[in-house]
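# Per-entry structural report
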Amino acid sequence: MAKQATQLAGLIAGLRESLEGIHKERANTKLSGAEMGLLDERRNNLLLTIAALDDRLSAVQGLIDLGRPHPIRVH
């Protein structure tokens, strides 16, 4: 399960790098409206994918945490 968490984290990092690339491309003033729209669509799809994978990573990390022993606290 920890391997899956590591893979997800790496995938998310790669997608965030792609997102940064789109932001740099979009800053180009020579783009047409259609090209800007295409980049916006790609950006939105990446954002949705990253959000879904973040949720998945959070769930996996929660399952990993459940498997670990917790110290007993005495008050």
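Residues numbered from 1 in each chain as written. Predicted model: local features only at pLDDT ≥ 70, side-chain atom pairs only at ≥ 80, totals over all residues. Heavy atoms only, no water.

### Here we look at the pattern of salt bridges
In this structure the tally under the stated criterion is 3 salt bridges. Residue R16 is joined to D54 by a salt bridge in which the shortest nitrogen-to-oxygen separation is 2.9 Å. Within this pair, whereas R16 is found in helix α1 (residues 2–26), its partner D54 is found in helix α2 (residues 33–66), the two being separated by 38 residues in sequence. Assessed through its relative accessible area of 40%, R16 is described here as partly exposed. (Salt bridge = Lys/Arg side-chain N within 4 Å of Asp/Glu carboxyl O. Helix = DSSP H or I, 4+ residues; strand = E, 2+ residues; numbered from the N terminus. Buried < 20%, exposed > 50% of the residue type's maximum accessible area, 1.4 Å probe, protein only.)

### Observations concerning the packing of α1 against α2
Packing of α1 against α2 leaves a shortest axis separation of 9 Å and a crossing angle of 160°. In this view, α1 runs roughly antiparallel relative to α2, as classed from their interaxial angle. α2 is crossed by α1, and the crossing has left-handed handedness. Residues that form the contact of α1 with α2 fall into these classes: 18 nonpolar, 4 polar and 8 charged. (Axes fitted to C-alpha atoms, helices over the stretch in contact; angles between N-to-C directions. Parallel < 35°, antiparallel > 145°, perpendicular 65-115°, else oblique. Left-handed = near helix turned anticlockwise from the far one by under 90°. Nonpolar A, V, L, I, M, F, W, Y, C, P; charged D, E, K, R; others polar.)

### Here we look at the environment of E35
Here E35 is to be found in helix α2. As for E35 and E25, which are separated by 10 residues in sequence, their C-alpha atoms are 9.9 Å apart.

### Observations concerning the environment of A51
Position of A51 among the secondary structure elements: in helix α2. Judged by relative accessible area, A51 falls into the partly exposed class, the value being 37%. Taking C-alpha positions, A51 is 9.1 Å from I12, a pair spaced 39 residues apart along the chain.

### Topic: α1
The terminal C-alpha atoms of α1 lie 36 Å apart, and with 25 residues this matches the ideal 36 Å at 1.5 Å per residue to within 8%. Every buried residue belonging to α1 is among A5, L8, I12, L15, L19 and I22, and all of these are buried. Elements in contact with the buried residues of α1: α2. (Expected span 1.5 Å × (residues − 1). Contact = heavy atoms within 4.5 Å.)

Any link to function would need more than the numbers given here.
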